[in-house]
Structure formats: structure tokens, C-alpha cells
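One-letter residues, chain by chain:
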Amino acid sequence: MKITVLDGNALNPGDLSWSSVERLGALTVYPRTSPEEVASRIGDSDAILLNKINITEEILSKCPNLKYIGVQATGYNVIDLEACRKHNVIVTNVPSYSTSGVAQMVFAYITEFASRTSVHNASVKNGDWVKCQDFCYWKVPLVELEGKTLGIYGYGSIGRRVAQIAKAFGMKVIVCTRTPKPDIENPVDFSTLLNDSDFITLHAPLTDKTREVINKTTLALMKKSAYLINTARGPLVNENDLAEALDKGTIAGYAADVVSEEPMKESNPLLKAKNTIITPHIAWAAVETRQRLINIVAQNLKCWIQGKPQNVVN
């Protein structure tokens, strides 16, 4: 069994072990692979593992020995699933591995917007407290989360975990989801979510219906004091419309771990927009989260080898 990892540095830059995969076959790990190198590096591999490498009909036609693609992530939009079916290639993913990490990041953003710890830390380090005549001061208005409304758009495992944390802060939770269920408290339509929320967090998958669901029209429905958070997919928002809304004060702020094109381009309008917090797609990057991921990646591959594939997406 020949196994090739095409962009291993994303999941494991050296602080984890590939041993659970190595036990399953002859393993080759490439830290990164350019589009021009994909077919040649796959070569005669039986199985490949990848994170953000595009696999197309053209590549599959050049790699007739390939039988398995293990996506080392939940999203698999980089894979042409129809082409994989045509070439009898099984594709698996890793669902729900990052629930805790992503929910944690959501509240890192929310508490930063509410308490402005980075602003005040920078102020203290700049000498402002040393020079202050009073025992305390604040640079910007601070917000207490208790009693505020958190709107959750998309209510899978991450959305549900975010709701649990919000309730611990004493927040009111409202939910807009494409799959209503009896156990969901306070379900609302999208317009109500936009109108009533003090914070909105996006947890929907990227589909034709959700692409740019945040745009000039929907932003105008939000409170001027409201904050928007996106740890799902960059294209859920129209970045030009959002940057304009931030600069005009249509909403109070935006925090995101994802953008429409990654790595972020210098031309991205959010890079210089006002009142933003942008992190480089790290909500899934805690050591514990990535270890969980690599364990499931290995288990997916093992199950396929044993003829009992799990987490198949095609």
C-alpha cells in the first residue's frame, strides 16, 4: 500500500507524529505541493491524504492507480466528487473533529469585542496606566454579555456548542437553520436573526443558497451596535459589501478566521477595513484538535483498507 500526503504541513508541521498512518503502508509526506506537482507526486499511489489540494478529472486521469482520497478536514469542496465516482475513487472526510476549537475561537472574538483586552493591554504597555491619575480607565466602551442576544446561523455540532457556551454567559440564543428540529430553542427566520442579534455567528456550510448570504441588503438589517463573526467559510460574506459597511459604521465590527481566498490576498478589502479581527484560519489548529484529526484520518484509511470505509462523502 503506497500512501502519499500532499500538503502535510497544514495538519502536521512537525509537532505531531504520522506513525498511525505509517503503520498502514509505505508513507511519503510532502509539506506542500504546487498545482503543477500534484499528478507527479501522486504517481502510482494507492491512497492520498490532503487538506486543500484540488483534485480534478485531469489529475485523476493521470493517476490510474489511485483508489482512495482522505481529506484531512471536514470540507471537501476541493475534490471533484463526480470525477472520483467515474474513476472509482473513494473520498472520505473528518466531520466534527474541530467543534470545541471553533466554538472556543468564536468566544475569543466575542469576549474581545466585549472587553477589549488587546486595546487595554496595548495601552498599559504604552505607559498610559503609569501616567493615569485614577486607579482605572477605559479607552472604549465595554460591554457585558449577560442579557445580550447571540444569533446563530447554522446549527450543526459547532452551532450547538456555541449555544451552550453563550448560555453560560447568560446570553439569549436565537437560531436560524435550514433543518429545523423540535429541540431547537428560539428558532427564527433569517431576517429576525439579523434584526434582533447583538452578535451573529455563522456556522452554515457553503452552498449556492448560502454564498454571500451576508451582503449589502442583509447587513442593512443588522443593528449598528451588532458584531458579525465568521468561522465557517469566507464566501458566506460579500467582502466588498462588508468592508463598506464596516467603514460606514453600518455594523460595529467583524471577526473572521476565514476569507474568500486563502492565504489572504493583499487586495482583500477586509485587510484595511475598520473594526475587524482577522486570524489566519487557526480555529482548528490547537494541538489537541489536530491530534484528534490525524487519529480519525488514520482510522478512515484503516477502515477503507479493511473494506469497511467510514465517513465517505461520494
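Residues numbered from 1 in each chain as written. Predicted model: local features only at pLDDT ≥ 70, side-chain atom pairs only at ≥ 80, totals over all residues. Heavy atoms only, no water.

With respect to the sheet that holds strand S9 (residues 227-230)
The sheet built from 6 strands is open, its strands ordered S7-S6-S8-S9-S10-S11 with parallel pairing. Edge positions in the open sheet fall to strand S7 (172-176) and strand S11 (276-278), since each of these has one partner strand only. Each strand axis lies, on average, 15 degrees off the axis of its neighbour in the sheet, ignoring direction. Alignment of strand S10 (residues 253-256) against S11, held across 3 bridges, turns out to be parallel. (Pairing = 2+ DSSP bridges. Helix = DSSP H or I, 4+ residues; strand = E, 2+ residues; numbered from the N terminus. Axes fitted to C-alpha atoms, helices over the stretch in contact; angles between N-to-C directions.)

Brief notes about the packing of helix H6 (residues 99-115) against helix H9 (residues 157-168)
Orientation of H6 relative to H9, taken along the N-to-C sense of each, is 50 degrees, at an axis distance of 9 Å. In this view, H6 runs oblique relative to H9, as classed from their interaxial angle. Where H6 crosses over H9, the two elements pack in a sense that is right-handed. Residues Thr99, Ser100, Val102, Ala103, Val106 and Phe107 of H6 form the contact with H9, whose participating residues are Ser157, Ile158, Arg161, Val162, Ile165 and Ala166. (Parallel < 35°, antiparallel > 145°, perpendicular 65-115°, else oblique. Left-handed = near helix turned anticlockwise from the far one by under 90°. Contact = heavy atoms within 4.5 Å.)

As for the side chain of Thr218
By the element assignment, Thr218 lies in helix H11 (residues 216-219). You can call Thr218 buried: its relative accessible area is 10%. A distance of 2.8 Å separates a polar atom in the side chain of Thr218 from the backbone nitrogen of Asn215. Setting aside chain neighbours within four positions, we find Thr218 in contact with Phe190, Leu194 and Val213. (Buried < 20%, exposed > 50% of the residue type's maximum accessible area, 1.4 Å probe, protein only. Polar contact = N/O pair within 3.5 Å; in protein donor to acceptor, adjacent residues only side chain to side chain.)

Focus: the sheet that holds strand S1 (residues 2-5)
On the basis of which strands lie adjacent, the open sheet formed by 5 strands has the order S2-S1-S3-S4-S5 and parallel pairing. Each edge of the open sheet carries a strand with a single partner, namely strand S2 (26-29) and strand S5 (90-92). On average, each strand axis in the sheet is tilted by 15 degrees relative to the strand beside it, whichever way the strands run. The sheet contact formed by strand S3 (residues 47-50) and strand S4 (residues 68-71) spans 4 bridges and is parallel. Pairing of Leu49 across the sheet is with Gly70, part of S4.

Regarding the packing of aromatic side chains
Evaluated as defined, the whole model comprises 5 aromatic pairs. Ring plane angle 25 degrees and centroid distance 4.3 Å describe the contact between Phe113 and Tyr227, whose orientation is recorded as stacked. Of this pair, Phe113 sits in helix H6 while Tyr227 is found in strand S9, placing the two residues 114 residues apart along the sequence. Each member of the pair, Phe113 as well as Tyr227, is classed as buried. Members of the aromatic cluster, connected to one another through ring pairs, are Phe113, Phe199 and Tyr227. (Phe/Tyr/Trp six-rings, centres within 6.5 Å; stacked < 30°, edge-to-face > 60°.)

Description of the environment of Asp134
Here Asp134 shows up in the loop between helix H8 (128-131) and strand S6 (149-153). The class of Asp134 is exposed, set by a relative accessible area of 53%. With 45 residues separating them in the primary sequence, Asp134 and Thr179 have C-alpha atoms 53 Å apart.

Quick look at the nonpolar core
Core analysis: the biggest nonpolar cluster contains 27 residues, and Ile214, Leu228 and Leu242 have the highest contact counts within it. Looking at this core, the elements with two or more residues in it are S7, helix H10 (190-196), strand S8 (199-202), helix H12 (239-248) and S10. It is H12 that provides the largest number of residues to this core, a total of 4 residues. The contact partners of Ile214, leaving out residues within four places of it in the chain, are Phe190, Leu194, Leu202, Leu219, Leu228, Leu236, Val237 and Asn238. Ranked by size, the runner-up nonpolar core spans 26 residues in total, among them Ala114, Leu145, Leu150 and Ile184. (Core = buried A, V, L, I, M, F, W, Y, C linked by side-chain atoms within 4.5 Å.)

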